[in-house]
Amino acid sequence: MDQNTDDSKEILVYKIVALISGIVMILSFGYGIYEMFLEYITTGSFVIGAAMVSIEFPYKYFAKPVTYFAVSLVVFWYSIMHLIHKKIISLDKEIKALLSIIALGIAYISGYELLYNFMVWNAIVVTQMFKGNINIDQAIIGYPDPHLPWNLVFATKLFSAIFVVALYTLYYLSKKTKTE
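Residues numbered from 1 in each chain as written. Predicted model: local features only at pLDDT ≥ 70, side-chain atom pairs only at ≥ 80, totals over all residues. Heavy atoms only, no water.

## Here we look at the environment of Thr169
Here's step 1: Locating Thr169 in the fold gives a position in helix 5 (residues 152-174).
Here's step 2: In this structure the C-alpha to C-alpha distance between Thr169 and Ile48, which are 121 residues apart in sequence, comes to 27 Å.
Here's step 3: With residues up to four places along the chain from it excluded, the contact list for Thr169 reads Trp77, Met81 and Ala103. (Helix = DSSP H or I, 4+ residues; strand = E, 2+ residues; numbered from the N terminus. Contact = heavy atoms within 4.5 Å.)

## Some points on a nonpolar patch on the surface
Here's step 1: A surface patch of nonpolar side chains, amounting to about 420 Å² of accessible area, comprises Ile95, Leu98, Leu99, Ile102 and Ile106.
Here's step 2: Checked against the element boundaries, Ile106 lands in helix 4 (residues 93-131).
Here's step 3: The exposure class of Ile106 is partly exposed, given its relative accessible area of 40%. (Patch = residues over 30% accessible without salt bridge, like charges linked within 9 Å, V, L, I, M, F, W, Y side chains within 5 Å. Areas by Shrake-Rupley, 256 points an atom, 1.4 Å probe, with all protein chains shown as cover. Salt bridge = Lys/Arg side-chain N within 4 Å of Asp/Glu carboxyl O. Buried < 20%, exposed > 50% of the residue type's maximum accessible area, 1.4 Å probe, protein only.)

## Observations regarding the nonpolar core
Soluble globular proteins tend to pack their nonpolar side chains together in the buried interior.
Here's step 1: Ranked by internal contacts, the top residues of the largest apolar core, which has 18 residues, are Val66, Leu152 and Phe154.
Here's step 2: Sorting the residues of this core by element identifies helix 2 (65-83), helix 4 and helix 5 as the ones contributing at least two each.
Here's step 3: Ranked by residue count, the leading element in this core is helix 5, at six residues.
Here's step 4: Apart from residues lying up to four places away in sequence, Leu152 is in contact with Asn117, Val120, Trp121, Ile124, Ala139, Ile140 and Ile141.
Here's step 5: With five residues, the next largest nonpolar core counts Met81, Tyr168, Tyr172 and Leu173 among its residues. (Core = buried A, V, L, I, M, F, W, Y, C linked by side-chain atoms within 4.5 Å.)

## Quick notes on the packing of aromatic side chains
Centre-to-centre distance and the angle between the planes together describe a pair of aromatic rings.
Here's step 1: Tallied over the entire structure, the rule returns twelve aromatic pairs.
Here's step 2: Relative to Trp121, the ring of Phe118 has its centre 5.9 Å away and its plane inclined at 25°; by these criteria the two rings are stacked. On the criterion of helical spacing, the pair formed by Phe118 and Trp121 is a turn pair, its members being three residues apart in helix 4.
Here's step 3: Judged by relative accessible area, Phe118 falls into the partly exposed class, the value being 43%.
Here's step 4: Classification of Trp121 as buried rests on a relative accessible area of 16%.
Here's step 5: An aromatic cluster is present here, built from Tyr14, Tyr78, Tyr168, Tyr171 and Tyr172 joined pairwise through their rings.
Here's step 6: Lying across the ring of Tyr61, Lys60 places its NZ or CZ 4.9 Å from the centre. (Phe/Tyr/Trp six-rings, centres within 6.5 Å; stacked < 30°, edge-to-face > 60°. Lys NZ or Arg CZ within 6 Å of the ring centre and 35° of its normal.)

## A short note on the environment of Tyr172
Here's step 1: Position of Tyr172 among the secondary structure elements: in helix 5.
Here's step 2: Each C-alpha atom, one on Tyr172 and one on Ile88, is 8.6 Å from the other, the two residues being 84 residues apart in sequence.
Here's step 3: The residues touching Tyr172, leaving out its near neighbours within four places in the chain, are Met81, His82, His85 and Ile88.

## With respect to helix 4
Here's step 1: The end-to-end C-alpha separation of helix 4 is 56 Å, in line with the 57 Å expected for 39 residues at 1.5 Å each.
Here's step 2: Within helix 4 the residues assigned to the buried category are Lys96, Ser100, Ala103, Ala107, Ser110, Gly111, Leu114, Asn117, Val120, Trp121 and Gln128.
Here's step 3: Against the buried residues of helix 4 lie helix 3 (85-89), strand 1 (140-141) and helix 5.
Here's step 4: Two residues or fewer after helix 4 comes Gly132, characterised by a positive phi angle close to 75°. (Expected span 1.5 Å × (residues − 1).)

## Digging into the packing of helix 2 against helix 5
Here's step 1: Between helix 2 and helix 5, the shortest axis-to-axis distance is 9 Å and the interhelical angle comes to 10°. As summarised for this structure, helix 2 and helix 5 are arranged roughly parallel, according to the angle between their axes. Residues Val66, Thr67, Phe69, Ala70, Leu73, Val74, Trp77, Tyr78, Met81 and His82 of helix 2 form the contact with helix 5, whose participating residues are Val153, Phe154, Lys157, Leu158, Ala161, Val164, Val165, Tyr168, Thr169 and Tyr172.
Here's step 2: Split by residue class, the contact of helix 2 with helix 5 holds 16 nonpolar, three polar and one charged. (Axes fitted to C-alpha atoms, helices over the stretch in contact; angles between N-to-C directions. Parallel < 35°, antiparallel > 145°, perpendicular 65-115°, else oblique. Nonpolar A, V, L, I, M, F, W, Y, C, P; charged D, E, K, R; others polar.)

Laid out in structure tokens, this is it:
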């Protein structure tokens, strides 16, 4: 079989996957922003990400919008990295080094936030357990700004997706090409 045909089929797959995952990202995030805006108009406050955790779609006990967003973010980035593969290969070593350092920094920050969120979430669940009232989807953290709390399910899934994206970027940038 012809190599160009195989390459074009592979590129088509990545383009379709990137398009679908991009649409899912926009729809799920758009839903969250819309619901957050409605909550703010109604109550005068909101919890960041709570709307994306409060429902399951397409039916109860299925995935939440934040799950669709996080998974589609990772899949979108994976597809995009493969689509721009030739541009990445042609980057100067200095640019690759700088981008690798940035990716490493983002991986560290998101990894730290991920561990921090899990520790806080665990403490909240244990506290709820002693009170006899466990609802992990409603766990929030009002740090660093008590007037702008974050839903921990949302924050944890968001930072885990960012962590995976940053690690994959670091891996991709550090891959040796045939010419190096």
